[in-house]
Amino acid sequence: MTTLLTAVRTLLRLAHRLDPRRLYVSAALLLVGLLATPAVALLLRAFTDSALDGAAGTAAWLAAGIAAALVLELSMGHFAHLFYFELGEQQETALRQDVLDVSNGTHGLEHLDSPEFADTLTLVREDLPRTRASMEAVLQLCGLALQAVLTTVILATVNPWLALLPLAAVPPVLVADRAQAVLDRAKERSAEPTRLSRHLLALATSDHSVPEVRLSGAESELMRHQARAWQRSTDLLRRAALHAAALRAGGQLLFALAYGGGLWLVVRQALDGSVDAGDVILVITLAVQVSVQVASALGLLAMLQGAGRTFERLDRLRAWSAEEPAPAAPVPAPARLEQGIRLENVSFRYPGSDRDVLTGVDLTLPAGATVALVGENGAGKSTLVKLLCGMYRPTTGRVLVDGVDLRDLDPAAWAARIAPLFQDFARLELPLRENVGVGRLSALDDDGALRGAITAARADRVLDRVPGGLDGLLGKGYGDGTELSGGQWQLLGLARCLVREDPLLMLLDEPASALDAAAEHALFERFTDAADRARSDSGSLTLFISHRFSTVRSADLIVVLEKGAVREQGGHDGLLAARGLYAELFELQARAYQ
Ligand SMILES: Nc1ncnc2c1ncn2[C@@H]1O[C@H](COP(=O)(O)OP(=O)(O)OP(=O)(O)O)[C@@H](O)[C@H]1O
């Protein structure tokens, strides 16, 4: 019942906030239409009595009244539908925005690491379109409740026992509530296998993974795995649907017995002459109406309970993302980096994990320096970068930007001053302009700035290849766009990074992984130009991760991470002379090249 109330409260509040005029007009139209229904029954009784009394004129007027009431019932419902249909669409759009906000609206990523968050998000996304008709359901239910009161009063005038007939609708309603709870539990349990099955299907069909899957011959195994996950999910849902159907049928049987009893009562009264034919017609008409009303109320209640569950899940998602609070009095990002970034005793553990990925990291990254992060796979390099971006907060310790704790900096302002190129860079299947422009939204229509960034990234040849230039579509997924190679996509990622204005932190997380040796050399040259400019403009700090020591050696400061801790740091020559891990890794790679 609380779920139902949540649905009604949320929908009415939302409708009132979005478009109060539409809400009231549709409610008024619906009300007039719904009141016409019992009026038909009353007019029918009067019509029958007049016809049997031989009052032809009165009967004709009453017949016209019945026709008018029927027209009113149908047309008012139709007009009301036009209003609340649009209201439902507005509500769905607002709720979609909420879903976007809870999944991407915060700067942090911690909530996205939770499988429970992912399951809940999947359920909300799937069920959201169904909430579109829920506003209509709220109004219809209110109308039905009003009709039920009127019907009860009218039935009681014929026989007080008949007033119990609408009450017989209570057991089916209660049972339907229980049936819905059974369905909801099954849905929650099936969310994880459903997600797994979709992921496996995507692996077997998406152009990124298909070549590897085909060549390894894993396709059939993958599909078997996918079928098992899907079967698990559908078994859960099918069993719950059967259980719910049995419960609902039981509830409706109770109502059918009460319905039969009511009719038997009035027919007996007619036989002993205590009521007339008009009363029998009235009761039969109302009883039919009550049964139709109960059936539609059950459908509407199920819909509203579904919507209520979706709203409750949305609230849970909101609570998750609110666990990453924005600072109460955010400090603006500095105009210029004066000292640099300092990590003080930073340890970090991913949410839901039982081991630290970074432990006791103490590090000073001076303003204006070029810093290289090196270490074996899994040493914690990318994690450290995510911490610097403010996407995760240290489990213990602090990250200070010019002495200000990153927790206190305005997250959006800090993000705007980071120019990042990640190893899993985005392939945005959008026009080239937007591909680069999302790096600085204010430059979306600034052809000069976009072309400048493309040239700085040495991606001119990509621009020349794309029919339509800046406005040409990239990728084949959503139209006949130009498909790019991995390296070309990455160059556009670099252009996206270089179009940023006044960065304080330039990040390259294995930027050269998709590039050939010449392109890597060119990329670093271009990047260094941009980094030099940013350094003199705003004291920008450049941090890059690379496994290629030919690139690493030029950095002012090299930080060697091992198992989440800083093992060594210093310049190339000093580290070589120290004969530690860096020297070992450097010489190993140099020998491999020789
Ligand atoms: N979202 C996550 N949840 C839990 N553990 C994670 C997550 N992301 C990374 N890890 C773990 O954190 C550790 C460090 O990962 P990270 O990506 O920082 O390493 P890396 O040094 O950048 O590795 P590589 O050179 O392979 O990119 C790894 O053991 C990894 O399994």
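Note that the coordinates shown come from a computational prediction; the quantities given were computed from them, not determined experimentally.

What counts and how
- Residues numbered from 1 in each chain as written.
- Predicted model: local features only at pLDDT ≥ 70, side-chain atom pairs only at ≥ 80, totals over all residues.
- Helix = DSSP H or I, 4+ residues; strand = E, 2+ residues; numbered from the N terminus.
- Buried ≥ 20, exposed ≤ 12 C-beta atoms within 10 Å, placed from the backbone.
- Contact = placed C-beta atoms within 7 Å.
- Pairing = 2+ DSSP bridges.
- Axes fitted to C-alpha atoms, helices over the stretch in contact; angles between N-to-C directions.
- Left-handed = near helix turned anticlockwise from the far one by under 90°.
- Nonpolar A, V, L, I, M, F, W, Y, C, P; charged D, E, K, R; others polar.
- pLDDT = per-residue confidence, 0-100.
- UniProt positions renumbered as here; feature names shortened; annotations may be inferred.
- Expected span 1.5 Å × (residues − 1).
- Arc of directions from axis to C-beta.
- Core = buried A, V, L, I, M, F, W, Y, C linked by C-beta atoms within 7 Å.
- Domains from an automatic or database assignment.

(A) Structural detail: the overall build of the chain. When you go through the chain residue by residue, the secondary structure sums to 19 helices and ten strands. Scored against the burial criterion, the 594 residues of the chain give a buried share of 35%. Relative to all contacts within the chain whose residues are 6 or more apart in sequence, the contacts with residues 24 or more apart total 78%.

(B) Expanded view of the sheet that holds strand β5 (residues 404-405). Here we have four strands laid out as an open sheet, ordered β2-β1-β4-β5, and antiparallel in their pairing. The strands lining the two open edges of the sheet, one partner per strand, are β2 (358-366) and β5. With two bridges joining them, strand β4 (residues 396-401) and β5 adopt antiparallel strand pairing. Its bridge partner lying in β5, V401 is registered against V404. Contacts from helix α10 (residues 381-389) reach β1 (340-348), β2 and β4, with the element oriented near 120° to β1.

(C) Broad picture of the sheet that holds strand β7 (residues 505-509). Here six strands make up an open sheet; going across it, the order is β6-β7-β8-β3-β9-β10 and the pairing mixed. The open sheet is flanked by β6 (418-421) and β10 (565-570), the only strands paired with a single partner. Ignoring which end each strand starts from, the neighbouring axes of this sheet average 15° apart. Pairing between strand β3 (residues 370-374) and strand β9 (residues 557-562): four bridges, direction parallel. Bridge assignment links A372 to a residue of β9, and that residue is I558.

(D) Layout of the pairing of β10. Sheet topology note: the β9/β10 ladder contains five bridges and is antiparallel. Following the sheet pairing, I558 is matched in β10 by G570. The turn joining β9 and β10, which pair antiparallel and follow one another in sequence, is formed by two residues; a positive phi near 45° is taken by K563.

(E) Just the packing of helix α6 (residues 170-205) against helix α9 (residues 277-322), in detail. The contact between α6 and α9 brings their axes to 10 Å, and the two run at 35°. For the element pair α6 and α9, the recorded crossing hand is right-handed. Residue-level contacts link P172, V173, A176, D177, Q180 and D184 of α6 to V294, A297, L298, L301, A302, Q305 and R309 of α9. The residue makeup of the contact of α6 with α9, split by class, is eight nonpolar, two polar and three charged.

(F) Summary view of the environment of T58. Take T58: it is sitting in helix α3 (residues 56-104). Looking at T58, the number of C-beta atoms within 10 Å reads 15, which means it is partly exposed. Each C-alpha atom, one on T58 and one on F47, is 7.7 Å from the other, the two residues being eleven residues apart in sequence.

(G) Structural detail: the confidence of the model for the chain. Looking at the chain, pLDDT values average 85 and 96% of them are 70 or higher. Within the chain, β1 carries the highest mean pLDDT (95), whereas helix α16 (residues 517-538) carries the lowest (72). Confidence metrics for the complex model read pTM 0.67 and ipTM 0.97.

(H) Quick peek at the UniProt feature "transmembrane region" (unreviewed entry) in the chain. Feature annotation in UniProt places "transmembrane region" (unreviewed entry) on residues 23-47, 59-85, 137-155, 240-260 and 280-304, given in this structure's numbering. The distance separating the terminal C-alpha atoms of residues 137-155 is 26 Å; by composition the span is 100% helix and 0% strand. Across residues 240-260, the secondary structure splits into 100% helix and 0% strand, with the terminal C-alpha atoms separated by 30 Å.

(I) Local environment of helix α1 (residues 2-18). Taking 1.5 Å as the rise per residue, α1 with 17 residues should run 24 Å; its terminal C-alpha atoms sit 24 Å apart, in good agreement. Residues of α1 that are buried include every one of T3, A7, T10, L11, L14 and A15, and no others. Buried residues of α1, viewed axially, fall in a sector of 125°; they line one side. Facing away from the buried side of α1, by more than 90 degrees, are the exposed residues T2, L5, R13, H16 and R17. Buried residues in α1 make contact with α2 (20-53), α3, α5 (134-158) and α9.

(J) Main features of the nonpolar core. Membership of the largest hydrophobic core comes to 74 residues, with the highest contact counts inside it found for L373, A495, L498, L507, L543 and I558. Element by element, the count of residues in this core is highest for helix α15 (residues 486-498), at seven residues. Residues from two domains meet in this core; each of domain 2 (332-417 + 504-527 + 538-594) and domain 3 (426-501) gives at least three. Residue contacts for L507: discarding those within four places in its chain leaves V385, I418, A419, P420, L421 and L543.

(K) Seen up close, unusual backbone geometry. Unusually for a residue other than glycine, D502 sits at a positive phi of about 55°. Its place among the elements puts D502 in the loop between α15 and β7. The residue R579 is not glycine, and still its phi comes out positive at about 55°. Note on placement: R579 falls in the loop between α18 (572-578) and α19 (581-593).

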